[in-house]
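Residue-level structural notes
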Amino acid sequence: AQWKQALKWLSKHNDSASLYLCLGRIAKHRRLFDEAEKYLLKSLSLQIIPAAYLVLSRVYEAINQKDKALSMFHRFEDQID
């Protein structure tokens, strides 16, 4: 239900970094890692939100892209310092 509702909102708010972050989180939770990556990268292209880096690092970790996971985690840390 959350997924469908967030996708509906996207049609009206396609410039919302927070909405793309939300979609990325839901996709990650549903193990749709390609979708999660796409939404999280879009979120970051609109606005730097530290949480997007953290979720993206977990997506990369889940698909065994350890170097990318570490890079995103470092970006997350840089944003919160």
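Presented here is an overview of the structure given in this document. All of these numbers come straight from a predicted model, not from anything done at the bench. (Residues numbered from 1 in each chain as written. Predicted model: local features only at pLDDT ≥ 70, side-chain atom pairs only at ≥ 80, totals over all residues. Heavy atoms only, no water.)

Thoughts on the overall build of the chain
Assigned secondary structure in the chain consists of five helices and zero strands. In summary, the chain has a C-alpha radius of gyration of 12 Å against a globular reference of 12 Å for 81 residues, a match within 12%. For the chain, the proportion of its 81 residues judged to be buried stands at 37%. By sequence separation, contacts in the chain at least 24 residues apart represent 40% of the contacts at least 6 residues apart. Of the roughly 5300 Å² of accessible surface on the chain, a fraction of 48% belongs to carbon and sulfur atoms. (Helix = DSSP H or I, 4+ residues; strand = E, 2+ residues; numbered from the N terminus. Rg over C-alpha atoms; globule rule 2.2 N^0.38 Å. Buried < 20%, exposed > 50% of the residue type's maximum accessible area, 1.4 Å probe, protein only. Contact = heavy atoms within 4.5 Å. Areas by Shrake-Rupley, 256 points an atom, 1.4 Å probe, with all protein chains shown as cover.)

Digging into the environment of S45
Structurally, S45 can be placed in helix α3 (residues 33–46). For S45 and A17, which are 28 residues apart along the polypeptide, the C-alpha to C-alpha distance reads 8.0 Å.

Re the packing of aromatic side chains
Counted according to the given criterion, the structure contains three aromatic pairs. Taken together, a centroid distance of 6.0 Å and an interplanar angle of 75° make the contact between W3 and Y39 edge-to-face. With W3 in helix α1 (residues 2–12) and Y39 in helix α3, this residue pair connects regions lying 36 residues apart in the sequence. Given the relative accessible area of 15%, W3 is considered buried. Ring centres of Y20 and Y39 lie 6.1 Å apart, and the angle between their planes is 35°; this geometry places the pair in the tilted category. Note that Y20 is positioned in helix α2 (residues 17–29) and Y39 in helix α3, a separation of 19 residues in sequence. This pair shows no difference in class: Y20 is buried, exactly as Y39 is. Through pairs of rings, three or more aromatic residues link up here, namely W3, Y20 and Y39. Above the ring of Y39, the side-chain terminus of K38 is found at 4.9 Å from the ring centroid. (Phe/Tyr/Trp six-rings, centres within 6.5 Å; stacked < 30°, edge-to-face > 60°. Lys NZ or Arg CZ within 6 Å of the ring centre and 35° of its normal.)

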